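Summary of the model geometry
Single-letter residue listing:
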Amino acid sequence: MHINQSGYDRWTWIITLILLLTLSWMLLTGRGPSLACCTDGSASTTSETSTAIDEPFHFEVTASTFSNQGDGSKVSWFAEADSLKTFLAAGGDWQLSGDDKVVTLTGSVASDAIKQEKTAELQTFFGPGVTIDNQLQASAVQAVVSAEPPAAAKLFFETGKSTLPAESATILEPTIEWLISHPDTKAVISGYHDARGSRESNQKLAKARAQASMDALLAAGVESTRIEMRKPIETEGTGNEGEARRVEIAVE
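The following refers to the structure shown. These figures come from a predicted structure and were not determined experimentally. (Residues numbered from 1 in each chain as written. Predicted model: local features only at pLDDT ≥ 70, side-chain atom pairs only at ≥ 80, totals over all residues. Heavy atoms only, no water.)

Some thoughts on the pattern of salt bridges
Taken as a whole, this structure holds twelve salt bridges when the rule is applied. Put simply, K85 and D82 hold a salt bridge, and the shortest N to O gap is 3.9 Å. The salt bridge partner of K118 is E121, with a shortest N-O separation of 3.4 Å. One end of the pair is K118 and the other is E121, both in helix α4 (residues 112–126) and three residues apart, which spans about a single turn. (Salt bridge = Lys/Arg side-chain N within 4 Å of Asp/Glu carboxyl O. Helix = DSSP H or I, 4+ residues; strand = E, 2+ residues; numbered from the N terminus.)

Quick look at the structure:
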C-alpha cells in the first residue's frame, strides 16, 4: 500500500495536535501523570521527619498530687517521687516545685529550727547535685522565752544509729531559742549508748550522735564557739536501752 508524502505529513500533524490538546486538557483539569513514580522517595520521608526536642523537666508536688513535664527517667530521685507527698503532708500548706537542678519549698513553718531541719531532709533526698531553695516562712508569733533556761534536751536514737530522730527539731526548739536570745550562754552536748556491743564501738557511736546533734544546732544558727562537746565520765546511759541511747543538750 502506497501513502504519498503529503498524506503522511497531514496525519502526523493531526496526531500531534490531538496529543497537544489532550495534554493541555489534562494539565488544566489536574489529571496529569503523577510525579511520584519519578522522584526519590527519600525526599518525602525527610520532609515528614521532624527532630524531636525534649521538653525541659519540671515538677510540682503537694501533699496530694504530683505532676511533671518533660522526661524524668534520667532524674535520679524520680522513681521515689511519691515519698515527697508524705513529706509535704507534715506541713499542711507546703508545696515543692522545680527541676533537676533547683527545688523550691514554699509554705509556713512554726520555727526557723524546723525550717533548717526540712532543708537538710530535702538535701538528703535530692542529693548534693540539687540546690534546695527553702522559702518556708517561720511564724511571726514566737513563743515568749522563759526567764529560766530550758531543761536539758534529750534526743533518743535507734539501735546502732546516729541519725537524728524525726522529732529532733521540736525537742531542740526551746534550747535553740534560748541560745539565740542569750548570746552569753552556750550548749553542752554529751552522747551516750546502751550496754550492748563493744565499749570501743559504743563510744564512737555516742560521739557520732553528739556530732549529729551539734550539726543541728549549727544549722539553726548557733555559733560553733558556743557549743561544747563534753564526753561524760561514763558513756553508758542510764535507764532502759531506749533511754540509754541518747544525747543530752544542756544550756550553761
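Resuming the write-up.
Concerning the sheet that holds strand β9 (residues 187–191)
Taken together, the four strands give an open sheet; going across it, the order is β8-β11-β9-β10, and neighbouring strands pair in mixed fashion. Of all the strands in the sheet, just β8 (153–156) and β10 (227–229) have a single pairing partner and so form its edges. Neighbouring strand axes in the sheet, compared pairwise and without regard to direction, differ in orientation by 20° on average. Sheet topology note: the β9/β10 ladder contains three bridges and is parallel. Looking at β10, one finds that A187 is bridged to I227. Against the sheet, helix α5 (residues 168–181) makes contact with β8, β9 and β11 (246–251), and its axis sits at roughly 155° relative to β8, the strand it touches most. (Pairing = 2+ DSSP bridges. Axes fitted to C-alpha atoms, helices over the stretch in contact; angles between N-to-C directions. Contact = heavy atoms within 4.5 Å.)

Side note on the packing of α4 against α5
Between α4 and α5, the shortest axis-to-axis distance is 8 Å and the interhelical angle comes to 140°. Judged by the angle between their axes, α4 and α5 are oblique. Both α4 and α5 take part in a crossing whose hand is right-handed. Contacts from A113, I114 and E117 of α4 reach α5 at S168, A169, E173 and I176. For the contact of α4 with α5, a count of residues per class yields four nonpolar, one polar and two charged. (Parallel < 35°, antiparallel > 145°, perpendicular 65-115°, else oblique. Left-handed = near helix turned anticlockwise from the far one by under 90°. Nonpolar A, V, L, I, M, F, W, Y, C, P; charged D, E, K, R; others polar.)

A closer look at helix α6 (residues 199–219)
Between its first and last C-alpha atoms α6 spans 30 Å; for 21 residues at 1.5 Å apiece the expected length is 30 Å, and the two agree. Along α6, the positions that sit buried rather than exposed are N202, L205, A206, R209, A210, A212, S213, M214 and L217. The first or second residue beyond α6 is G221, which carries a positive phi of 105°. (Expected span 1.5 Å × (residues − 1). Buried < 20%, exposed > 50% of the residue type's maximum accessible area, 1.4 Å probe, protein only.)

Looking at the pairing of β11
Most of β11 sits inside the fold, with five of its six residues counted as buried. With five bridges joining them, β9 and β11 adopt antiparallel strand pairing. Bridge pairing in β11 places A187 opposite V251.

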